[in-house]
Each structure stands twice: as structure tokens, then as C-alpha cells.
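# Geometric and topological summary
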Amino acid sequence: MSAFPRAAELGLIGCHVCRLVCADAPGDHDPADELACPRCGSALHRRKPYSYMRTWALMIAAFILYIPANVLPIMRTASLNDIDDNTIISGVVELWVKGSPDLAIIVFTASIVVPMLKFLSLSTLLVSSQRGSGWAQPQRARLYRLVEFIGYWSMLDVFVVALLTALVRFGLLSLVEPLPGVIFFGLTVVLTMLASMSFDPRLIWDGRDSDD
Amino acid sequence: MGTSSPEALLICEHCDTVYRRRPLARGDVAQCACCHAVLERHHGLSVNAMLALVLTAMVVFVQANMWPIVTLGLNGQLSGATLWGTIVVMWQQQAQVVAVLAAGTLFFFPLLKMCLLGWLLWFARLGRRAPGFVPMMVTLHYLQPWTMSEVFVLGALVAIVKAHLYFDVVADPGIYAYAVLTLLITIFAGIDLRKLWELTPEDPA
């Protein structure tokens, strides 16, 4: 598949935590008795343990929470004569119409595009790697790095709601309250981050010739 | 294997390809030939410079947390918010999950990260490993993705624009402190802190 020497073939393991190159125990040792990194003491793994299972589970959980995060309102604006509940998307629309379209695009990207991109990318990576596909490996590797990099920016809307709630406290005149949607959204972001962390990008390269 | 010391080798974290390490010149970035991930990059900052940056970040962090970030005005009434004010309000408003997330990613984790780094760099400056070096380095590694101050700055900007529709908005010193903090975080983002493992000798005793 590739002419490059790979750690698993040379009997080496790179420590996940400190990157020290360690010698693997020969043969198929019992996964129960874990090797430990001599430098930092962390457990050594050839691949992240149960990577597919964990990533699928966390991603599906994140997706389930993403539904109420979008359907339920995230923020209530109450003033003397009207109450206005905003969902993520209606907040974006409001920003687009009344405020600044450029910020609307940023919020839309952080709250809608990034999470959707994460769900789609991670599923693509999971399915293609599980089938041992050799298709577009460098591109898939880049996709994974992108997903990891952009992940936490989705927290943007959560912080916006929190700040507005703290700021707009004018009693009867004007008040902002957080609504349950924002909690679901915060949890979605955390779960997608955990999901992308538990995916092992080396699985992209393992392919069919791997005998693991 | 065994002809070279383990530190002469480098494994790409993204595809498991093994490399022999080469010394990097200023501005060099080693890239994996197989998956194009960055293997390591040269950075010109000495331990002293890094320590100075950490101390600066600490000072700015205190300011960013003490000073209000934004103040709103409505018919002469003023209302300001600090980070902790925000966290407390979210807790009171039945959004405890958000309060905990914000307290962790915007206060406790960044604070812990700076304190650990400051401690480790202080001893690295003296040419040795700090007491508790190993557990601290491991903690730093796991803490890495969970600090979100830079996201909060962007969030504050969005909040200001949204509030501007209905209120008089005054940007307070806190927001500038946060801007500086973001700049410092960006500088640190380019540094692989795991270099510290090799910078200091193995046995502190």
C-alpha cells in the first residue's frame, strides 16, 4: 500500500501522550496487560482502544442531542410588551437582517456548518476506514485534521447566549434568559469533540493489508 | 532496531510512519511524506522567552477576569458583565451545564494550564525537571483541547453586535485584555510543548 516504514511493522509504538518511540512487546500480547510508556507512564496502544466503537457511540449521541439543540429555542428575549424566543437558526437570521451579515455568516458556520461537517466527515472516515478502503487516503487524513481543528469553535453560540444573559438584566424593561436548547447544544459540542478525539487517524492507513 | 536512541526516531501521529529525526533550521517544518501532517516545527523561542510569555498571559488573564467585559446602557441604567458574573448568572438561570462548561473551558483549564507551564518552565530554565514533571506534562497534554478563551472573544464580539441593536454598548477593558490573551494563545498554539520532555535531563535527582 505504501513504501513508508510503519511503526506497527517495525515493532514500535509511539506514545500518545509524550511521543516517545517505544518498543512493542513481541507477538500478540494480551490486551489486558498493557504496556506503559517508560517516560511518561501512560498506557501504550498500537491504535486507540475501541476506536470505531467509541467514535460511533459518541457521534450518534452527539447527533441525537443536536436535534433538540436546533429545534428548541436557545434564548428568550423578554421586554415590556413582547417575548421573543430564538432558536440557533432564527438568531442567525436576525443577525443577518438587522445586524451584520458577516457575523451572521460566522455564527452560521460555527453553529450549523461545523457540527454538520463533523457528523458527515466522521461518518465518512468511520465507514471508509472500517471497510479498509484505500480511497483518497491523503484527503481523508486532511479531513480528519480539519475536523479536529475546527471542533471547539462551535462553542461560540453557547458563549454568546451566556454573555447576553449576563448583560441584559434590566428587570421588566428587558431581560435575556437561556432556554434548554443551549444546554443541548453545549453537550453536542463536547460530545463531537470527544468523538473526534477517540477516532484514530492511523486507521485510515491500515487498509486491507493490515492483519490486526 | 536498537541501533539508535528512541529520541532519534519520530512517529507520525496521524499515520504511524516512522522517521529518523533531522535537526530543523529556523522556520523549518517537518511534514509527513505519507499523510502530510506536521511532524514537528522549529520554534525560535527560548525557555526564558516562553516563561516571559506565560507570565504575561497570567497578568492579562487576571485582568480579563477582574474587569468587566462589556457594559450595556438602557435609559441611563447600566449593566456590565464579567466572566464570573456570566458563569454565576447561567447557573442561576437553570443552565448549570453551560455554567460548568464555561467555568472549565474559560477559567479553570486555562488557569491550570498557565500555572503548570509556568512551574515547568521555571525549572526548565534552571536546567532541570520540576517536581511533579511527569504527571504535569501528562495533565497538560489532556488539557490542551479544552481551553476556549479565543472562542469566547469571538462570542463577545457577536454578543456586542447583537446587543448593539437595542442598547448602548460600551466595550470595557476586559475585552481588550481578552484580545491580548488571544494573541498570546495564538503564539503558544505553534509550540509543541512536548519538546520539554527532551529539553530537560531524564533524572532530576
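Everything quoted here is computed from the prediction, not taken from an experiment.

We now examine the overall build of chain A. Counting its secondary structure elements, chain A contains 8 helices and 8 strands. Compactness check: chain A gives a C-alpha radius of gyration of 22 Å against a globular reference of 17 Å for 212 residues, more than 25% above the reference. Over its C-alpha atoms, taken along the principal directions, chain A stretches across nearly 75 × 35 × 25 Å. Sequence separation of at least 24 residues holds for 65% of the intrachain contacts in chain A that already meet a minimum separation of 6.

To continue, consider the interface of chain A and chain B. Of the residues lining the interface, 58 residues belong to chain A; the matching set on chain B comes to 51 residues. The dominant element in the side of chain A that touches chain B, judged by the number of residues it contributes, is helix α6 (residues 156-167) of chain A, at 10 residues. Class assignment for the residues of the side of chain A that touches chain B results in 40 nonpolar, 9 polar and 9 charged.

Positive phi outside glycine occurs at R19(A), with the angle close to 70°. Inspection of the secondary structure puts R19(A) in the loop between β1 (12-14) and β2 (21-23). Looking at R19(A), the number of C-beta atoms within 10 Å reads 23, which means it is buried. Positive phi, normally seen in glycine, also occurs at Q94(B), with a value near 65°. Counting through the fold element by element, Q94(B) comes out in the loop between α2 (83-92) and α3 (96-125).

Before going further, it helps to spend a moment on the confidence of the model for chain B. As a general rule, the predicted coordinates of low-pLDDT regions are not to be interpreted in detail. Averaged over every residue, the pLDDT of chain B is 87; residues scoring 70 or more account for 96%. Prediction confidence for the complex, expressed as pTM and ipTM, is 0.88 and 0.88 respectively.

What follows concerns the pairing of strand β4 (residues 38-41) of chain B. Residue and element names in this part refer to chain B. Relative to β4, strand β3 (residues 29-31) runs antiparallel, the two being bridged by 3 bridges. By the bridge assignment for β4, Q31 is matched with V38. In sequence, β3 turns back onto β4 through a hairpin of 6 residues, with H36 there showing a positive phi of about 65°.

Under the domain assignment, chain A is made up of domain 1 (1-46) and domain 2 (47-205). When each unit is reduced to the centre of its C-alpha atoms, the spacing between domain 1 of chain A and domain 2 of chain A is 34 Å.

Scoring rules and cut-offs
- Residues numbered from 1 in each chain as written.
- Chains lettered and ligands numbered in written order.
- Predicted model: local features only at pLDDT ≥ 70, side-chain atom pairs only at ≥ 80, totals over all residues.
- Helix = DSSP H or I, 4+ residues; strand = E, 2+ residues; numbered from the N terminus.
- Rg over C-alpha atoms; globule rule 2.2 N^0.38 Å.
- Contact = placed C-beta atoms within 7 Å.
- Nonpolar A, V, L, I, M, F, W, Y, C, P; charged D, E, K, R; others polar.
- Buried ≥ 20, exposed ≤ 12 C-beta atoms within 10 Å, placed from the backbone.
- pLDDT = per-residue confidence, 0-100.
- Pairing = 2+ DSSP bridges.
- Domains from an automatic or database assignment.

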